[in-house]
Amino acid sequence: MQKLLLPLALAALVTHPAHAQTSADNRLLWSAANANIVEPTGQLTLPLALDLAFKLNPEITASMREIDASDGALRQAGIIPNPELETLVEDQQKAMRTTTVQLNQPIELGGKRSARITAAQRGREAAIAESNAKRADIRAAVITAFYDLLAAQERHRLAQTSVELAQRGTMAASRRVSAGKISPVDETKARVAESVVRIELVQAAGDELNARKRLATTWGSVTPRFSSVEALGDALPAMPPLEELTRRLQESPGLLRAKIEVERRQALTQIERSRRMPDATLSVGFKRDEQLGRDQAIFGVSIPLPFFDRNQGNVQEAAQRAHKAQDELTVTEVRLNSELAQAHALHATARAEVQLLQQEVLPGAQSAYDAATKGFELGKFNFLDVLDAQRTLLQGRSQYVKALSETHRAAAEIERIVGIADPLTTSLLPAAGAR
């Protein structure tokens, strides 16, 4: 009898073949290596900001934990059911007693184990796709916050320049009043204009501080240690044609995530269908009859009869959820195409605006202001002409900074939609030398 029980007992002890070592150990090493990362002081570059966000952002850590969890689910999906040891003693009198010992091993039928493994694999792929999408989102958030801060720094610098221009205008007006060439009212207007730009300077300083804090939050810092970000010049990000971007959209994290969800739901449906086939239970053991003084071998097979419960409700639910995932894939594809087209159009508009401001508006406004200031000092123009030229120049500079920021924001949004996630990868949208 021991010879009969030994093979089944050994089979029960055999574990599922070990999976390749998961990334959990690497994740622990990654976390330990990043635990001592300290935000630098001084000027911050965009690659360093991206590196900090990818290493310290808690949302990325959470998505990596989900991948580790899916590794465990995949490992569990391939494990066979445990055997069951059963003992039955009949009669309290030893001489009349019958003792039965048997081992019951459930046998999964209908492809349940393979269906579970497939569903777990799709679940792991979904976790990876979600992590990639999160990395792309955070990359876009860092780039947007970086350029927002860069624009805020430039507005602060322009506000300081505006104060200097206003002070020059006030001093010029004061000299003209002292010489009796203009009314003191013009000097008052000059001082009011100077006060207005001083208020704008205070507001610009506050906006810069808030922008610096927003950038620091992308890597989980409450109080930023860096003082400023590195200026990247006036080069604008080049933009591939919309048709090329639309083709690349098929491999974007958002769309891949929706496609994998369809496959995962289909795999879950297959699990429910496999459960329509009942499992068999193989029993083997021995029976000791004290009254007869002999041992009897026991073999048995039990199979539930699926007369009523054929798992039909769960099959219907899983199938409908698979159809729902397919519909959501269509919705996602339409939405991403729409967002991509809008971001592409916004980038083209902002880029054209930047180029127009660079080539025509700003040079003309600067020339008009210089001529008005010089003419005012020579007595050829009144002070209202100077104030008007100064206002036009400052508005043009402010509009230029806003358009430049919008161009980079649109480029970052396109990269997010298409799916640039790796901070060490060259940007999809390389900077163009032409302005």
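Concerning the overall build of the protein
Item 1. Check the secondary structure of the protein and you find ten helices and eight strands.
Item 2. Within the span of the protein, comprising 435 residues, buried residues form 39% of the whole.
Item 3. In the protein, of all internal contacts separated by at least 6 residues, the share reaching a separation of at least 24 is 79%.
Item 4. Taken as a whole, the protein presents about 24100 Å² of accessible surface, with 55% of it coming from carbon and sulfur.

Topic: the packing of helix α5 (residues 112-178) against helix α8 (residues 253-274)
Item 1. Running from N to C, α5 and α8 cross one another at 160°; their axes reach a closest spacing of 8 Å. When the axes of α5 and α8 are compared, the pair comes out roughly antiparallel. Judged by the twist between their axes, the crossing of α5 over α8 is left-handed.
Item 2. Per-class residue counts for the contact of α5 with α8 are eleven nonpolar, five polar and eight charged.

Describing the confidence of the model for the protein
Item 1. Scored by pLDDT, the protein comes out at a mean of 83, with 86% of its residues at no less than 70.
Item 2. Here residues 1-22 is modelled with pLDDT under 50, and outside its nearest four sequence neighbours on either side it reaches 25 contacts, counting other chains as well.
Item 3. The model gives residues 422-435 a pLDDT under 50, and that stretch makes 39 contacts with residues more than four places away or in other chains.

Some points on the sheet that holds strand β2 (residues 84-90)
Item 1. With antiparallel pairing, the four strands of this open sheet are ordered in space as β2-β3-β6-β7. The open sheet terminates on both sides in strands that have one partner only, identified here as β2 and β7 (294-302). On average, adjacent strands in this sheet sit at an angle of 15° to one another, irrespective of strand direction.
Item 2. In terms of strand pairing, β2 meets strand β3 (residues 98-107) through seven bridges, oriented antiparallel. Each residue of the ladder has a partner; that of E86, found in β3, is Q102.

Considering the pattern of salt bridges
Item 1. Applying the stated criterion to the full structure yields 25 salt bridges.
Item 2. R416 is the partner of D137 in a salt bridge, and the nearest nitrogen-oxygen pair spans 3.6 Å. Here D137, found in helix α5, pairs with R416, found in helix α10 (residues 383-418); they are 279 residues apart in sequence, far enough to count as distant.
Item 3. Close ionic contact of R335 with E339 constitutes a salt bridge, the shortest N to O distance being 3.3 Å. Of the two residues, R335 and E339 both sit in helix α9 (residues 312-377), four residues apart, roughly one turn of that helix.
Item 4. When salt bridges that share partners are traced, they join D137, R335, E339, E413 and R416 into one network.

Here we look at the environment of V197
Item 1. Inspection of the secondary structure puts V197 in helix α6 (residues 184-217).
Item 2. Placed 35 residues apart in sequence, V197 and S162 show a C-alpha to C-alpha distance of 6.3 Å.
Item 3. Setting aside chain neighbours within four positions, we find V197 in contact with S162, V163, A166 and L394.

Here's the deal with the side chain of R139
Item 1. Following the sequence through the fold, R139 ends up in helix α5.
Item 2. The class for R139 is buried, based on a relative accessible area of 5%.
Item 3. Within the structure, R139 has its side chain in polar contact with the side chain of E415 (distance 2.4 Å).

Looking at α5
Note on helix geometry: an α-helix contains 3.6 residues per turn, so any two residues three or four positions apart are oriented the same way.
Item 1. With 67 residues, α5 extends 97 Å from end C-alpha to end C-alpha; this agrees with the ideal 99 Å at 1.5 Å per step.
Item 2. G180, located one to two residues past α5, shows a positive phi value of around 75°.

Considerations on a nonpolar patch on the surface
Item 1. A contiguous nonpolar patch, built from I107, L282, V301 and I303 and spanning about 340 Å² of accessible area, is present on the exposed surface.
Item 2. Relative to the helices and strands, I303 resides in the loop between β7 and α9.
Item 3. Since its relative accessible area comes to 49%, I303 is described here as partly exposed.

What about the side chain of S70?
Item 1. One can find S70 in helix α4 (residues 58-77).
Item 2. In terms of polar contacts, S70 uses its side chain to reach the backbone carbonyl oxygen of I67, at 2.6 Å.
Item 3. Each residue touching S70, except ones within four places of it in the same chain, is listed here: G123, R124 and A127.

Let's talk about the nonpolar core
Item 1. In terms of nonpolar packing, the biggest core is built from 25 residues, with L44, V142, L215, W219, F226 and V229 touching the most fellow members.
Item 2. No other element matches α5, which puts nine residues into this core.
Item 3. In this structure V142 touches A49, L50, A53, L215 and T218, once residues within four positions along its chain are discounted.
Item 4. Core analysis: the next-biggest nonpolar cluster, separate from the first, contains 17 residues, V163, A173, A190 and A372 among them.

Observations concerning the pairing of strand β6 (residues 280-289)
Item 1. As judged from the ten bridges shared by β3 and β6, these two strands associate in the antiparallel manner. Note that in β6 the partner of T98 across the bridge is D289.
Item 2. Pairing between β6 and β7: nine bridges, direction antiparallel. For F286, the partnering residue across the bridge sits in β7 and is A297.
Item 3. If you look at the hairpin formed by β6 and β7, you'll find four residues sitting between the two strands, and G293 has a positive phi there, around 70°.

Calculation notes
Residues numbered from 1 in each chain as written. Predicted model: local features only at pLDDT ≥ 70, side-chain atom pairs only at ≥ 80, totals over all residues. Heavy atoms only, no water. Helix = DSSP H or I, 4+ residues; strand = E, 2+ residues; numbered from the N terminus. Buried < 20%, exposed > 50% of the residue type's maximum accessible area, 1.4 Å probe, protein only. Contact = heavy atoms within 4.5 Å. Areas by Shrake-Rupley, 256 points an atom, 1.4 Å probe, with all protein chains shown as cover. Axes fitted to C-alpha atoms, helices over the stretch in contact; angles between N-to-C directions. Parallel < 35°, antiparallel > 145°, perpendicular 65-115°, else oblique. Left-handed = near helix turned anticlockwise from the far one by under 90°. Nonpolar A, V, L, I, M, F, W, Y, C, P; charged D, E, K, R; others polar. pLDDT = per-residue confidence, 0-100. Pairing = 2+ DSSP bridges. Salt bridge = Lys/Arg side-chain N within 4 Å of Asp/Glu carboxyl O. Polar contact = N/O pair within 3.5 Å; in protein donor to acceptor, adjacent residues only side chain to side chain. Expected span 1.5 Å × (residues − 1). Patch = residues over 30% accessible without salt bridge, like charges linked within 9 Å, V, L, I, M, F, W, Y side chains within 5 Å. Core = buried A, V, L, I, M, F, W, Y, C linked by side-chain atoms within 4.5 Å.

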